Amino acid sequence: MASRAPLPPTAFTLPAKYYTDPLLYEREVDMFFRQMWVCVGRMGELEDRGSFFARHIAGDSILIVRTSARGEPDSVRAFHNLCRHRGTQLCRDELGQFKGSIQCEYHAWTYDLEGRLVGAPHMDGSAGFRREDFPLLSVRADVWEGFVYVCLADAGPTLQEQLADLPEKFKPWRMGELRRGDGITYDIATNWKLIIQNFSECLHCPNLHPALNKLSHYMSGENEPLRPTYMGGRMDLNDGVTTMSMDGTCPRQFLPGLSPQDQRRVYYYALFPNLLISAHPDYVMAHTLWPLGPDRTRLVCEWHFHPSEMARPGFTADDVREFWDMTNQQDWRVCEMAQAGISSRAYRPGRYSDREDLLHAFDRFIVEAHGGE
Amino acid sequence: MASRAPLPPTAFTLPAKYYTDPLLYEREVDMFFRQMWVCVGRMGELEDRGSFFARHIAGDSILIVRTSARGEPDSVRAFHNLCRHRGTQLCRDELGQFKGSIQCEYHAWTYDLEGRLVGAPHMDGSAGFRREDFPLLSVRADVWEGFVYVCLADAGPTLQEQLADLPEKFKPWRMGELRRGDGITYDIATNWKLIIQNFSECLHCPNLHPALNKLSHYMSGENEPLRPTYMGGRMDLNDGVTTMSMDGTCPRQFLPGLSPQDQRRVYYYALFPNLLISAHPDYVMAHTLWPLGPDRTRLVCEWHFHPSEMARPGFTADDVREFWDMTNQQDWRVCEMAQAGISSRAYRPGRYSDREDLLHAFDRFIVEAHGGE
Amino acid sequence: MASRAPLPPTAFTLPAKYYTDPLLYEREVDMFFRQMWVCVGRMGELEDRGSFFARHIAGDSILIVRTSARGEPDSVRAFHNLCRHRGTQLCRDELGQFKGSIQCEYHAWTYDLEGRLVGAPHMDGSAGFRREDFPLLSVRADVWEGFVYVCLADAGPTLQEQLADLPEKFKPWRMGELRRGDGITYDIATNWKLIIQNFSECLHCPNLHPALNKLSHYMSGENEPLRPTYMGGRMDLNDGVTTMSMDGTCPRQFLPGLSPQDQRRVYYYALFPNLLISAHPDYVMAHTLWPLGPDRTRLVCEWHFHPSEMARPGFTADDVREFWDMTNQQDWRVCEMAQAGISSRAYRPGRYSDREDLLHAFDRFIVEAHGGE
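Basis of the calculations
Residues numbered from 1 in each chain as written. Chains lettered and ligands numbered in written order. Predicted model: local features only at pLDDT ≥ 70, side-chain atom pairs only at ≥ 80, totals over all residues. Helix = DSSP H or I, 4+ residues; strand = E, 2+ residues; numbered from the N terminus. Rg over C-alpha atoms; globule rule 2.2 N^0.38 Å. Buried ≥ 20, exposed ≤ 12 C-beta atoms within 10 Å, placed from the backbone. Contact = placed C-beta atoms within 7 Å. Domains from an automatic or database assignment. Nonpolar A, V, L, I, M, F, W, Y, C, P; charged D, E, K, R; others polar. Least-squares fit on C-alpha atoms with pLDDT ≥ 70 in both. Core = buried A, V, L, I, M, F, W, Y, C linked by C-beta atoms within 7 Å. Pairing = 2+ DSSP bridges. Axes fitted to C-alpha atoms, helices over the stretch in contact; angles between N-to-C directions. Expected span 1.5 Å × (residues − 1).

Trainee: Even after reading the chapter, I still don't get the overall build of chain A, so can you show me in this structure?
Mentor: Of the regular secondary structure elements, chain A holds 10 helices and 17 strands. The C-alpha atoms of chain A give 22 Å as radius of gyration, which agrees with the globular expectation for 373 residues (21 Å, within 12%). Once the C-alpha set of chain A is aligned to its principal axes, its extents read approximately 75 × 55 × 30 Å. Among the 373 residues that make up chain A, the fraction classed as buried is 46%. Of the contacts formed within chain A by residues at least 6 apart in sequence, a portion of 65% connects residues at least 24 apart.

If you want it as structure tokens, here you go:
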């Protein structure tokens with residue numbers, strides 16, 4: 001890798017408040033999780049018209065419902081999970097199937113899958129009551145390459161605008177075709193930004209991830225400059241290594257359409273605010289981050305494979321799961337130790353090395369989002 | 001049932017703050033649970049002179065002690081559960097029997113059952129110390145038809161004044177004679193007012209309680225207008241149904257003294273702030289509510305029967321318990337879903353139907369208690 | 001015991017806020033646990049150069065490391081438990097052994113046992129970076145008679161100054177030679193000061209500790225006046241009793257060097273802020289207190305014996321453990337009941353007896369530390 005531009009002597013880590021202050025945390029929830037498009041899952045979880053899952057986003061419970069029939073193009077709607085009669089939650093299940101309509105258990109108000117109120121017992125005689133005034137509260141929803149996104153803000157950029165040139169960049173992986181092979185959910189006692197920072201440098205790899213460092217050398221990386229809505233880079237596989245797995249060999253075909261160069265690399269991209277994509281020659285790992293507090297984050301890690309590989313007899317994701325679960329746990333441990341240390345009254349910002357350039361840029365981005373130091 | 005007066009087009013549910021704001025909750029605890037008489041249990045739990053139970057009311061631990069001998073007329077005293085020496089709690093048990101006096105474990109200060117300090121070791125030489133200056137801190141206590149009440153406020157209406165015309169209304173049930181047959185305690189993740197509201201309309205019955213709706217039709221109800229300290233109404237039993245139980249038949253004699261009309265009805269009354277009475281032909285169900293936070297309430301549900309029935313061989317409360325536990329759990333589920341939905345940032349007040357007239361009146365009463373919107 | 005000076009009629013217990021107010025609690029943590037020397041353990045836990053234990057003091061995680069080799073004079077260093085690079089906690093273990101240096105798991109920054117940064121990968125090319133600018137953050141540490149102390153404040157009195165004349169007073173027990181025989185950790189739902197107050201009077205003994213009262217009569221005590229950094233007194237063993245144990249007999253030799261008079265007494269001293277010493281003829285009991293909140297305290301109780309006794313066949317600490325665990329649990333129970341009662345809205349200060357003179361003096365000391373009522 002080409003030598004990186006040296007960081008200035010002012011390249012210090014952030015003050016503790018960015019990781020511990022509840023008000024600052026709430027502001028980040030608002031700026032990044034209410035104003036931006038948030039990745040909530042995969043289209044593969046929604047198989048039929050009426051299939052839904054529920055997500056807690058920035059404190060709100062949101063129902064994401066598929067409105068297109070099986071086999072038809074992706075189409076989803078998202079609604080706040082509450083009835084317009086007396087505010088009752090419509091659904092307590094995380095995942096399920098509506099049968100053509102959504103009915104409140106309490107007094108049987110009923111909505112169609114577009115959110116229109118189609119039944120409201122004993123309301124018809126009420127003076128001035130009109131069903132069209134009480135639809136479900138709708139939330140913007142969209143889909144990119146199988147990743148379902150919602151945006152709690154009514155106005156602002158479209159998903160395409162937020163993704164910028166990423167759709168073009170990731171085209172070769174044809175991620176929309178991939179299907180979930182396995183996944184693990186982690187609860188991590190750390191600020192969400194420390195996970196993004198951990199994801200964005202490999203200086204820690206030789207000490208923390210000796211197994212990973214044998215597959216892909218930490219000095220092999222190359223980063224793009226930080227973009228307004230994402231940052232990322234790539235690392236090369238070592239000679240003789242064919243993918244990131246326990247033994248570095250790949251029991252699967254490479255994803256169709258990858259160039260020989262991309263077959264020798266792993267791409268790591270953090271799509272703000274909450275999707276971390278690691279694109280391998282034969283699978284894509286996707287982390288979705290869910291901040292639960294200044295010092296708590298839930299992370300859903302999933303591995304997506306090509307359906308033709310998954311259909312093969314003897315297909316397994318175990319080698320990938322074993323390797324990344326080990327690596328993940330090493331990472332979450334130090335993320336939790338970083339949160340603990342930074343939370344101490346004694347903490348003071350420390351000096352970044354030149355190999356932590358993306359972190360420094362990300363910190364600047366965060367500080368600016370908050371309106372300066 | 002006669003048609004009800006239509007509600008105005010302004011009959012909307014309350015803003016979320018009434019169910020979620022901690023300060024507003026504290027104000028309600030003060031207004032309703034410190035200033036009003038609160039139902040704390042039944043005289044049947046206190047069998048002898050010195051029998052006591054402890055209750056947490058509005059954050060205070062209160063000891064309620066029977067001071068009359070077995071067989072004598074009901075007489076109770078209530079005290080704050082702390083010693084006047086160094087403030088030590090006098091008792092950690094929920095229920096028990098004092099042997100003629102109440103002694104602090106720490107330094108053996110001793111009080112009689114009227115709360116007078118009768119022993120204080122090593123204090124007699126202390127300049128100016130007089131035992132009569134350090135009695136237990138007393139709290140008003142009274143009894144109505146076996147329901148024990150206390151009032152944390154020293155001044156204000158008597159229990160009789162708070163009960164208004166209810167003693168006359170409930171006279172036929174002779175509730176003072178009834179004994180507890182069974183009971184269940186529920187912890188419910190909802191605001192205390194949502195339970196009272198759930199109790200005060202049956203519009204939800206056809207959808208939520210199909211079994212109940214077969215015994216007593218939801219349109220059969222008739223409400224009294226809201227009174228300053230209570231609200232309630234009645235519903236009729238369907239033809240062929242003799243009481244509210246799993247199969248609608250009644251294996252017990254009706255309560256003595258009920259008119260033929262009352263033998264065909266169930267009366268539902270919410271006695272503010274915390275007693276919900278459901279009077280059936282052969283038993284009385286009593287809920288007592290204990291707010292634990294803006295979004296948490298403990299509810300003690302008990303069924304009281306006539307002692308002559310309870311003395312019969314083969315007496316059982318199981319049919320009643322089974323029916324009401326099923327119905328209760330259906331109700332608490334939607335109360336929790338209502339709390340969850342109302343707590344969402346997206347919640348906005350919704351329109352009441354004409355069959356929710358008591359709720360609308362209760363909301364107005366609550367808003368006025370808070371001094372207006 | 002000589003009669004004590006009577007307390008004035010104004011000798012009332014403290015207002016509730018001293019036991020319940022979070023801000024007042026934080027101020028005490030600062031005044032007493034950040035500004036004063038705090039006892040953190042015994043030198044016996046640190047056997048070799050590089051042995052360490054970690055303690056949470058006033059919210060900070062501190063590593064206490066032995067820097068002298070086995071057999072050499074006591075020498076310890078204390079450091080904030082965080083790396084100067086990105087603030088990561090250096091160590092999650094409570095107890096362990098560093099192998100000559102302290103290395104951060106995350107990016108392998110490495111410090112020697114004096115806290116000097118001796119390794120920082122990829123930092124050498126960074127403009128203006130100097131290792132000597134990033135040592136571990138050091139905390140003052142010292143040792144008295146085997147008790148290890150640290151002080152989070154950089155300036156202020158030395159440990160010797162804080163201990164005042166106690167080293168002279170406790171010389172006969174030669175506590176530096178003693179070794180831990182056994183210990184129990186208790187979590188107690190009470191304010192730390194209520195434990196000190198409980199420790200400082202025996203008026204509660206006849207009622208609460210009948211077994212203890214048979215060994216050492218509660219009227220036998222004599223107190224010293226309160227000193228700026230400690231308070232204490234003594235009690236006599238009853239005739240026929242040779243130590244405080246289940247049956248009052250002593251299966252061990254007395255500690256060498258004690259006068260015949262000291263062999264008949266137990267000395268109880270509270271060394272502010274967190275060490276309670278009970279010196280018996282044949283062992284020393286030491287409580288260390290760790291405030292966890294206004295109403296929560298962790299207490300480590302340990303019994304220290306002479307190594308020559310511990311080396312004898314058949315040595316046991318069981319009689320001591322059994323007696324004091326019983327007595328401790330009686331005390332913690334009433335400390336928790338006192339906290340509960342004082343936390344009630346109904347609590348008001350009560351009158352002290354003349355036998356609670358140290359508590360009254362301690363209260364005055366606390367109030368003055370807070371700057372008056």
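Trainee: Got a minute to help me understand the domain arrangement of chain A in this structure?
Mentor: When the parts of a complex come together, some accessible area is lost, and that lost area is often used as the size of the interface. Residue and element names in this part refer to chain A. Each domain of chain A was delimited in the assignment, giving domain 1 (1–16 + 170–373) and domain 2 (34–163). Of note, the centres of domain 1 and domain 2, computed from C-alpha atoms alone, are 32 Å apart. Facing the 12 residues of domain 1 at the interface are 9 residues of domain 2. Residues that form the side of domain 1 that touches domain 2 fall into these classes: 6 nonpolar, 4 polar and 2 charged.

Trainee: Would you mind showing me how to read the interface of chain B and chain A here?
Mentor: Opposite the 23 residues of chain B that make contact, chain A presents 25 residues. Of all the secondary structure elements, the ones that give two or more residues to the side of chain B that touches chain A are α6 (205–208) and α9 (318–342) of chain B. Residue contributions to the side of chain B that touches chain A peak at 6 residues, all from α9 of chain B. Among the residues making up the side of chain B that touches chain A, the classes are represented as 12 nonpolar, 7 polar and 4 charged.

Trainee: Got a minute to help me understand the relation of the copies chain B and chain A in this structure?
Mentor: Here two copies of a chain appear, and what relates them is a rotation about an axis with a shift along it. The two copies are related by a screw operation: chain B maps onto chain A through 120 degrees of rotation and 0.0 Å of translation along the axis, at an RMSD of 0.1 Å. On this basis, the relationship between the two copies can be described by a three-fold rotation axis. For chain B, the smallest separation between a C-alpha atom and the rotation axis is recorded for P22 of chain B, amounting to 10 Å.

Trainee: Even after reading the chapter, I still don't get unusual backbone geometry, so can you show me in this structure?
Mentor: For residues other than glycine, phi is negative in most cases, and the peptide bonds are mostly trans. Cis geometry marks the peptide bond from F272 of chain B to P273 of chain B; its omega dihedral reads 0 degrees. Of note, P273 of chain B is situated in the loop between β14 (265–271) and β15 (275–279). A positive phi angle is found at E145 of chain C, which is not glycine, with a value near 45 degrees. Residue position: E145 of chain C is located in the loop between β9 (138–144) and β10 (147–151). Exposure remark for E145 of chain C: the 21 C-beta atoms within 10 Å place this residue in the buried category.

Trainee: Mind showing me how you'd approach the nonpolar core here?
Mentor: When a protein is soluble and globular, its nonpolar side chains tend to lie buried together. V150 of chain A, V150 of chain B together with V150 of chain C are the most contacted members of the largest nonpolar core, which totals 309 residues. Residues contacting V150 of chain A, with those up to four places away along its chain left out, are V38, V40, I57, I62, I64, A78, V139, R140 and A141 of chain A.

Trainee: Can you help me understand the sheet that holds strand β8 (residues 117–119) of chain C in this one?
Mentor: Sheet strands line up and pair through hydrogen bonds in the backbone, either parallel or antiparallel. Residues and elements named next belong to chain C. Spatially, the 3 strands line up as an open sheet ordered β6-β7-β8, and their pairing is antiparallel. Looking at strand neighbours, the two that pair on one side only are β6 (101–103) and β8, the edges of this open sheet. The mean angle between the axes of side-by-side strands here comes to 35 degrees, regardless of whether they run parallel or antiparallel. Here β6 runs beside strand β7 (residues 110–112); their pairing, made up of 3 bridges, is antiparallel. Directly across from S101, in β7, lies its bridge partner D112.

Trainee: Explain the pairing of strand β14 (residues 265–271) of chain C to me, please; I cannot follow it from the model alone.
Mentor: Along any regular strand, the residues point their side chains to alternate faces of the sheet. Residues and elements named next belong to chain C. Counted residue by residue, β14 has 5 buried out of 7 residues, so it is predominantly covered. Pairing between strand β13 (residues 230–236) and β14: 7 bridges, direction antiparallel. When the sheet's bridge partners are listed, R234 is paired in β14 with Y267. One ladder, built from 5 bridges, connects β14 with strand β15 (residues 275–279); its direction is antiparallel. Counted as the bridge partner of Y268 is S278 from β15.

Trainee: Teacher, can you tell me more about helix α10 (residues 357–369) of chain C here?
Mentor: Owing to its 3.6 residues per turn, the α-helix aligns residues three or four sequence positions apart on the same side. All names here are of chain C. For α10, which comprises 13 residues, the first-to-last C-alpha distance of 18 Å matches the rise-based estimate of 18 Å (1.5 Å per residue) to within 8%. Among all positions of α10, only D357, L358, L359, H360, F362 and D363 are buried. For α10, the elements touching its buried residues are α5 (192–199), β12 (222–223) and β13. A positive backbone phi angle near 90 degrees is found at G371, which sits one or two residues after α10.

Trainee: For this particular structure, what's the right way to read the environment of W144 of chain B?
Mentor: Residue and element names in this part refer to chain B. You can see W144 is positioned in strand β9 (residues 138–144). Given 22 C-beta atoms within 10 Å, W144 falls into the buried group. A C-alpha to C-alpha distance of 8.2 Å links W144 and L159, two positions 15 residues apart in sequence. With residues near it in sequence (within four places) discarded, W144 still touches Y149, L159, L163 and P167.

Trainee: Looking at this model, I keep getting lost on the environment of L152 of chain A. Mind explaining?
Mentor: Residues and elements named next belong to chain A. On the secondary structure map, L152 appears in the loop between β10 (147–151) and α3 (159–163). In this structure, the C-alpha to C-alpha distance between L152 and D60, residues 92 residues apart in sequence, is 9.0 Å. Ignoring sequence-local partners within four residues, the contact set of L152 consists of R34, I57, A58, D60 and V139.

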